[in-house]
Amino acid sequence: MKKKINIARISWVTSIFLILILILHLVITYKVNYEYYNDVNQKLYFYDCDGSLCTSTTKDKNKTSYSYYDCWYSKCPKYKKIIYDDYVLLEEDKKSFVLFNYKSGTTISSNYSEYIFINNEYIIVKKGKKYGVIDINDNVTVSVNYDEIGYIDKNILKGYNTSNILAKKNKKYGIISFKDGKIIEDFTYNEDEVDLLIKKIALQ
C-alpha cells in the first residue's frame, strides 16, 4: 500500500514540476519575443499575415515577425506599399521616403522621393524633378539630372534591356547605360522618334 502511495505521490510531484516548467517556458517566450518589442514609438514591425505583409507599431503574439524598422527617437514612418519583391516604401514625411528591405531588416536608401526597380540590382530614383539610378547598395550609377529614365506603361517600367535604358534630357531623348551612366545614343531624338529608340534598345 505504501509503495502505491509513493508512486502516486511521485507522479503528482512530477506533473506539478512539468507544469511549472511549461509555465516558465511560456513566460520566457513572451519576454524574449514580445516584451522587448513593445516600444511603439521607436520601432515599426513587419509581419506575415496569412501570406501578405502587415505592419504595426504594436506587439502581436499571433503574427510572425519578419523584422522591424528602428525609428530612433522620432515618430515612425508610414508604410506605403511593397514596390519590388521584399522592398517596401516608407514615408517619413511628404518629402522624405525610405526604401527598406523588410525581410532582411535593412535600409537601402532614404535620399529620394521615388524608387522604381529596373531589376534586383538597379533602381531608378527621383529627387526634386530629376531622375537618376542607384544600385542596391545606394551607390549612384547615373547622376540625378535626367527629366525621365525609362517610361511607365500601365504601371510597368518599359524601355530598357539588360544594361541600357531610354532617357530624356533637355526635351530630347537618348539611350544611356543604367550601370555606369555612359551615353549609348546621343540626346538628339524627338518625342515622335521614341519608338525608334525603343527598337534600338531591344536590338542591343
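This text follows the structure it describes.
Now for a look at the structure at hand. Everything numeric in this text was worked out from a predicted model, so none of it was measured. (Residues numbered from 1 in each chain as written. Predicted model: local features only at pLDDT ≥ 70, side-chain atom pairs only at ≥ 80, totals over all residues. Heavy atoms only, no water.)

## Examining the sheet that holds strand β7 (residues 106-112)
The cut-off we apply is this: Strands pair, by our definition, only if DSSP identifies at least two bridges between them. Put simply, DSSP H or I for four residues or longer makes a helix, DSSP E for two residues or longer makes a strand, and each gets a number counted from the N terminus. Axis definition: a line fitted to C-alpha atoms, limited for helices to the stretch in contact. Angles are taken between N-to-C directions and run from 0 to 180 degrees.
Read from one edge to the other, the open sheet built from 4 strands follows the order β4-β5-β6-β7, with strand pairing classed as antiparallel. Looking along the sheet, the strands with just one partner apiece sit at the ends: β4 (78-84) and β7. The mean angle between the axes of side-by-side strands here comes to 30°, regardless of whether they run parallel or antiparallel. Both strand β6 (residues 96-101) and β7 contribute to a ladder of 4 bridges, which runs antiparallel. By the bridge assignment for β7, Phe97 is matched with Tyr112.

## Observations concerning the state of the cysteines
Disulfides are covalent bonds that connect the sulfur atoms of two cysteines. Our working definition: Disulfide assignment relies on a single distance test, namely cysteine sulfur atoms paired within 2.5 Å.
The final tally for this structure, using the stated rule, is 2 disulfides. Through a disulfide, Cys49 is tied to Cys54; the S-S separation comes to 2.2 Å. Sequence-ordered numbering of the bonded cysteines in the protein yields a pairing of 1-2, 3-4.

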